Number of protein chains: 4
Amino acid sequence: MDNFKFGESVLLMDGRKGYLVKLEEGMMKLEGGRGALSSSNIVGRKEGDRVTIGRKEFILIRPDILDHIEHIDRGPQMIIPKDSAAIILGLGLTSGKRVIEGGAGSGGLTIALLNSVRPDGGVTTYDIRDDHLRKARKNVETAGLSDNWEGLLGDVRSDVKVEEADAVVLDIPDPEQATGSAWEALRPGGRFCAYVPTSNQLERCCLSLRDAGFSNVEAMELIKRGYSVKEGAVRPSTEMLGHTGFLIFARKL
Amino acid sequence: MDNFKFGESVLLMDGRKGYLVKLEEGMMKLEGGRGALSSSNIVGRKEGDRVTIGRKEFILIRPDILDHIEHIDRGPQMIIPKDSAAIILGLGLTSGKRVIEGGAGSGGLTIALLNSVRPDGGVTTYDIRDDHLRKARKNVETAGLSDNWEGLLGDVRSDVKVEEADAVVLDIPDPEQATGSAWEALRPGGRFCAYVPTSNQLERCCLSLRDAGFSNVEAMELIKRGYSVKEGAVRPSTEMLGHTGFLIFARKL
Amino acid sequence: MDNFKFGESVLLMDGRKGYLVKLEEGMMKLEGGRGALSSSNIVGRKEGDRVTIGRKEFILIRPDILDHIEHIDRGPQMIIPKDSAAIILGLGLTSGKRVIEGGAGSGGLTIALLNSVRPDGGVTTYDIRDDHLRKARKNVETAGLSDNWEGLLGDVRSDVKVEEADAVVLDIPDPEQATGSAWEALRPGGRFCAYVPTSNQLERCCLSLRDAGFSNVEAMELIKRGYSVKEGAVRPSTEMLGHTGFLIFARKL
Amino acid sequence: MDNFKFGESVLLMDGRKGYLVKLEEGMMKLEGGRGALSSSNIVGRKEGDRVTIGRKEFILIRPDILDHIEHIDRGPQMIIPKDSAAIILGLGLTSGKRVIEGGAGSGGLTIALLNSVRPDGGVTTYDIRDDHLRKARKNVETAGLSDNWEGLLGDVRSDVKVEEADAVVLDIPDPEQATGSAWEALRPGGRFCAYVPTSNQLERCCLSLRDAGFSNVEAMELIKRGYSVKEGAVRPSTEMLGHTGFLIFARKL
């Protein structure tokens, strides 16, 4: 286990709450105005070491992919881990795979995709909005995953140039308009996924996939139910997120 | 895209249904007594090519991780993809991570774990039953993931020798008995997950994790709801698997 | 507690399974070819008494509304108790209320509605199919609820003549076509409910209700999750009915 | 449809929001400090009429059972309509039935039970806390259902004197302690229901019911999922109540 060095990120854990900072020369600010610290307090230390900032003690942790996803600079509609996890396995991803992503969002799914195909795979993300691409780029860089990423200003419905892709994943309002270009871009056996919030989009996308020749079209949602566990008192949590989005999977056969 | 060669696996797709076979010299049998074929019909062909066996035509596909999981020789209690996907991302896995698994099951989760840490990470699986280990080994080999796997006959509650592990995942009846050894094995910031079918196990495991010093103990389940999508008629599927298991996540901080 | 007499129904319980028969002169057949018995063996006995038929012993129970619903001669699409219960309370029903029902189905909901407004309320059911009405009539009669029921061959979308109804409930494919007639039929403060299987119908009905002037339009579904409870092993049931229908409630204000 | 008169309740609807007031001589206050009005403005008017209070116009509605349940003076743990509806039908209730209730809560379930057995049935409620009984009594009176209710200070686990009851329903922390007295109180064929928040209580109660001789022990929960319906955009609501309680049904056979 190496010591922390300049250029990498560190997670400062204060009880349950964590602050993710990149180790740069000079003073660094914590999120939420929770103070500032000098990187020289951290560089050279090891994971698990404790540092005191102001009156608080923090544990130093080397962030993993989940830390990066949970701390990205996000918009409200980010695909959350329960869904991105299902997308990654549902697309059959692993090191070396090549993925096309339509719709950058805040880059949360992008990071999860990149994490699954590294060190030698790649993700190409198309977005028609430059501001989305810029936010995604920032988050991909913070997660240290830039080497495998290509972010392109363009329309996944018409501008895809990748060939023999292993997977196409869409987080755009009208994925039914991109099923044809997805088909063209995929290798035989390649997999498709779309994430849509409404049942109207779900219907249009599934019908379009069948028209485009896709097989094994499957629609689903994953409902995450939390539990409150106290001694002698186990019950589902009363607080619950009722819906995120539907997932549609299909395959080019 | 390379041609199929001896030693690798091929997926023969017949409409929605697929047969996974390993390309070996001579005749190979399809699962379920669906005929036999000579590997010489396939070796040298490309993904997407079609072959005729008996009176049926099949498309040749190079299987991905999901194909391997769906076609493993399984027991009834295998952790299914919705859960293994959540486990992998929930443990923050990526290339290079080192994972300890307690309970081999049929190797379904093992394969998913190995897939996420390849090419340079590793999974060490402990099981007290030799027959479970052998079944897991066979499935890991078929998936071509043996290089990164160590399967050990032993008790994860007491026999773990790995140090500085990134993650520990347990699919055993009494994970509450293994929280101490999990703590010892993990690096600071390392993550824990247990999969348990009953709320009684859920309670014992969560309480034991807190006693052992773990932070961020979180209990949940993922409910997968399928949808039937026809033109003008979208509705949740009537057939549904009501329960698989609860997931417990925690972190060493 | 009175003794059983001719004309009423009796439930013969054999362990978990029950047989519902009407006490008529002479021999009566059990459902499913499970034998026959003479009503004279039962008339005059009390609830809780045991009788032997063939080699089996049965307990005599006076059936309640739930027994009648569970034993009706049914079609596949009957509204089941979790939904009919929510409909009855969601419509604010009680003794004396007047209800219009569109779509007789097998009479399962009809019986539940009648049960809730008896002894002095009434239900008027419209169906365009005579065979549905006949099946519903048979089931209403077996449940002993005929006095408060009017079954009419007609179209709830156009033929409703009831005025100042307390509630309108629709189990028809296009409830959006009946929101105007529902509005006309209801008293101020009266309540509306529709039961639909698909999200497409859900959308059309909700939009039509708002157009027709209804307030408090609320869409929902009730998901029933069973539990397996053994000593030391509590878990949600693996078998589960994934979907029945959506419920839409609204009010004339 | 009669005119409003002194002594009955009226619902003043202001858009989606309603105020429930009892028509008494003199000035009456609206809930939440929303003004006051003289009952003489309302008495003699008809349902659907409009009155202006301050600068707001209200529609006059005669409240039904659901209005009463939604406007009762409540504590935080009230059994909500999705559950009370299932309890009522699951207990097979109808006019004339006799019910024993253990645990008065805020009287929300009591009112629903009373509503289902009126005009000629009865509910006897036992509570060991006088303040709970008093709150329930107030709410039962506001709902106009006092005639059929008996509220007793006492312990449902030991003090039940009713015989040949049709149903027993328990909302107490330890229903497993009351299964014996429930058995004694029920007629043959009578039904039992308990409502419990945790899976630990669920387990104890189910085991105790089987020990006490009950049949058809069934454990479940009802999950209510709301939907957001806009034109072209139907989706499950993001806000959702994740859990209320488990329902346990059983029968004395």
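Asker: Is there a simple way to explain the packing of helix 3 (residues 108–117) of chain C against helix 4 (residues 130–142) of chain C in this structure?
Answerer: Pairs of packed helices are described in terms of their axes, by the angle between the two and the distance that separates them. Residue and element names in this part refer to chain C. Running from N to C, helix 3 and helix 4 cross one another at 40°; their axes reach a closest spacing of 9 Å. Classified by the angle their axes make, helix 3 and helix 4 are oblique. Note on packing geometry: the crossing formed by helix 3 with helix 4 is right-handed. Residues Thr110, Ile111 and Leu114 of helix 3 touch helix 4, and the partners they reach there are Ala136, Asn139 and Val140. Looking at the contact of helix 3 with helix 4 residue by residue, the classes come out as 4 nonpolar, 2 polar and no charged.

Asker: What should I look at first to understand the relation of the copies chain B and chain A in this one?
Answerer: The relation between the two copies of this chain is a rotation about an axis and a shift parallel to it. You can overlay chain B on chain A at an RMSD of 0.0 Å; the transform is a turn of 180° with a shift of 0.0 Å along its axis. The two molecules are tied by a two-fold rotation axis, judged by turn and shift. When the interface residues of chain B are mapped onto chain A, 100% of them again lie at the interface, so the same face is used by both copies.

Asker: Help me understand the domain arrangement of chain A in this model?
Answerer: Quoted interface sizes are often the accessible area lost when the parts come together. Structurally, chain A comprises domain 1 (9–63) and domain 2 (68–251). Each of domain 1 of chain A and domain 2 of chain A has a C-alpha centre, and the two are 31 Å apart.

Asker: Can you walk me through helix 6 (residues 199–211) of chain B in this structure?
Answerer: The α-helix advances 3.6 residues per turn, and as a result positions three or four apart in sequence lie on the same side. Residue and element names in this part refer to chain B. An ideal rise of 1.5 Å per residue puts 18 Å on 13 residues; helix 6 measures up with 18 Å between its terminal C-alpha atoms. When we look at burial in helix 6, the residues that qualify are Ser199, Gln201, Leu202, Glu203, Arg204, Cys205, Cys206, Ser208 and Leu209. In the segment just after helix 6, Gly213 is the residue with positive phi, at about 105°.

Asker: Even after reading the chapter, I still don't get the sheet that holds strand 2 (residues 17–22) of chain C, so can you show me in this structure?
Answerer: Across a sheet, strands are paired by hydrogen bonds formed along the backbone, either parallel or antiparallel in direction. Residues and elements named next belong to chain C. Spatially, the 4 strands line up as an open sheet ordered 2-1-6-5, and their pairing is antiparallel. The two strands at the open ends of the sheet, each matched to only one other strand, are strand 2 and strand 5 (50–53). Sheet twist, expressed as the average angle between the axes of neighbouring strands with direction ignored, equals 35°. The pairing of strand 5 with strand 6 (residues 56–61) spans 4 bridges and is antiparallel. For Ile53, the partnering residue across the bridge sits in strand 6 and is Lys56.

Quick notes on the rules
Residues numbered from 1 in each chain as written. Chains lettered and ligands numbered in written order. Predicted model: local features only at pLDDT ≥ 70, side-chain atom pairs only at ≥ 80, totals over all residues. Axes fitted to C-alpha atoms, helices over the stretch in contact; angles between N-to-C directions. Helix = DSSP H or I, 4+ residues; strand = E, 2+ residues; numbered from the N terminus. Parallel < 35°, antiparallel > 145°, perpendicular 65-115°, else oblique. Left-handed = near helix turned anticlockwise from the far one by under 90°. Contact = placed C-beta atoms within 7 Å. Nonpolar A, V, L, I, M, F, W, Y, C, P; charged D, E, K, R; others polar. Least-squares fit on C-alpha atoms with pLDDT ≥ 70 in both. Domains from an automatic or database assignment. Expected span 1.5 Å × (residues − 1). Buried ≥ 20, exposed ≤ 12 C-beta atoms within 10 Å, placed from the backbone. Pairing = 2+ DSSP bridges.

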